[in-house]
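This is what each chain is made of:
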Amino acid sequence: MKMPTAARILIGLVAGLIGGYLAGPHTAVLPALQTIGGLWLDALRMPIIPLVFALIVTGIGTGSDIGGSTKVAQRAIGTFAVFLFASALFGVTLGSTMFSGWDVTGLDAMRAGGGKVPSLPPLEQTLRALVPVNPIASAAQGAIVPVVIFALLFAVALRRIEAVRAAPIGEFFKGVADALLVIIGWVLLVAPLGVFALAFDVAARSGLGVGALLAWYVAARVVGGIVLLTAFVLLVAVLARTPLRAFARAVLPAQSVAFSTQSSLASLPAMLDAARALGLPERHAGTVLPLAVALFRISAPTAISLAVLALARLNGIDLTVAQLALVAVLAVLNNLVIAGLPNQISFFAAYAPVALAVGVPIDLLPLFLAVDTIPDMFATAANVTADVAVTTLLTEKEPDGERETAA
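Residues numbered from 1 in each chain as written. Predicted model: local features only at pLDDT ≥ 70, side-chain atom pairs only at ≥ 80, totals over all residues. Heavy atoms only, no water.

### Comments concerning the overall build of the protein
Here's step 1: Secondary structure assignment for the protein yields 18 helices and zero strands.
Here's step 2: Looking at the 407 residues of the protein, the share that counts as buried comes to 49%.
Here's step 3: Long-range contacts, defined as pairs at least 24 residues apart, comprise 86% of the intrachain contacts of the protein with a sequence gap of at least 6.
Here's step 4: In the form shown here, the protein has an accessible surface area of approximately 18100 Å², with 69% of it arising from carbon and sulfur atoms. (Helix = DSSP H or I, 4+ residues; strand = E, 2+ residues; numbered from the N terminus. Buried < 20%, exposed > 50% of the residue type's maximum accessible area, 1.4 Å probe, protein only. Contact = heavy atoms within 4.5 Å. Areas by Shrake-Rupley, 256 points an atom, 1.4 Å probe, with all protein chains shown as cover.)

So this is what it looks like as structure tokens:
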């Protein structure tokens, strides 16, 4: 039986941490492993910026309008936006609280800038810097925010031209994105070795402190998932006409599928069954739930915010309020444009650009992927609960004559 990739990466992380701790900072193999880890990390960074651009263009510029003409779909998208921003703000708040005391000695060589991020320039300079005068130069310099803004403008403009002319452009960028995902897949084939080398380097210079902090990060992610799941159950209890016990009984099978598969898409049939069990109008639930699976991953902004703040603290960086706000905004945006990607690939496409946008090095980000399996179980269960809860809140208030009782 083939061992899952996530398990192999976790083994690489644990072996690297233990091996580096036992070997110490003066071991002869450390330079070679630093080179291996650096090469692997550079290969992982290589496709990030063009991938983000291509995903934004294909996801927004040529995205389908499933149910977009219906009032219920319009209400759903507006509701998604509000809750996703709330999730990002929750993640920033939780991360600022749980990671405030983090300090790992021995990582100076991996820290950029040696501590605090430089103060932001005056507002007018900041705003002008957001306009990519030369998008290619911005991409070459790793300036992710101007690239994202240009991609958004390009995607919106693409929707305003004739479909027959926009379609080839969309297909081109879809091909670009697909090719880049293949490259990332190749890089991830050797992820256990890359993670081992990075973890060995970190542990050799800082001991097992990083391992303890990764465990604390996992705890923060699990807490975030549980809080989000509970919040949407309480929303149904307070705002919905549906009895809480009936909702909990209906959504439990979907939560079980989500927890075991870590896939909202795989949980969609069970969510549709839950909607029928709750007596929601099938034509409306059939519109809102697919939209929710594609756009409304409530845990993603929280998870992205937590990872970026954890990375910042590991690198000795204190983010300003303006940078925290930027983290929240980009966490929501990245959640929208990476929908449907496999978790291991979407992890870097979602997290790395946000970290880079606020000046946080991503050298240690692969270590967070290695411990992502358990948090992702709770995150997916929260996503599914939120999908069914929002569908209940949006569709159960239809006139009684339009409701369809479950068989």
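Continuing now.
### Regarding the pattern of salt bridges
Here's step 1: Within the structure shown, the criterion is met by four salt bridges.
Here's step 2: For Asp 372, the salt bridge is made with Arg 221, and the minimal N-O distance between the two is 3.0 Å. Taken as a pair, Asp 372 in the loop between helix H17 (365-370) and helix H18 (373-395) and Arg 221 in helix H10 (residues 209-239) lie far apart in primary sequence, 151 residues in all. With respect to class, Asp 372 is no different from Arg 221; both count as buried. (Salt bridge = Lys/Arg side-chain N within 4 Å of Asp/Glu carboxyl O.)

### Description of helix H13 (residues 282-295)
Here's step 1: Between its terminal C-alpha atoms H13 stretches 20 Å, which fits the 20 Å expected from 14 residues at 1.5 Å a residue.
Here's step 2: For H13, every residue scored as buried is listed here: His 284, Ala 285, Thr 287, Val 288, Leu 289, Leu 291, Ala 292 and Val 293. (Expected span 1.5 Å × (residues − 1).)

### Considerations on the nonpolar core
Buried together is how nonpolar side chains tend to be arranged in soluble globular proteins.
Here's step 1: Tyr 217 and Leu 367 are the most contacted members of the largest nonpolar core, which has 119 residues in total.
Here's step 2: With sequence-adjacent residues up to four places away left out, Leu 367 is seen in contact with Leu 13, Val 195, Leu 198, Ala 199, Val 202, Val 210 and Leu 214.
Here's step 3: Of all hydrophobic cores here, the second largest spans five residues; its members include Leu 30, Leu 33, Ala 197 and Ala 204. (Core = buried A, V, L, I, M, F, W, Y, C linked by side-chain atoms within 4.5 Å.)

### Topic: the confidence of the model for the protein
Here's step 1: Residues of the protein with pLDDT of at least 70 account for 81%, and the chain-wide mean is 79.
Here's step 2: Taking the mean pLDDT of every element in the protein, the minimum, 54, falls on helix H5 (residues 123-130) and the maximum, 91, on helix H14 (residues 299-314).
Here's step 3: In this model residues 109-121 is a low-confidence stretch, pLDDT under 50, and it forms 27 contacts with partners more than four residues away in sequence or in other chains.
Here's step 4: Taken together, the stretch residues 398-407 has pLDDT below 50 and engages in 23 contacts with residues farther than four places along the chain or on a different chain. (pLDDT = per-residue confidence, 0-100.)

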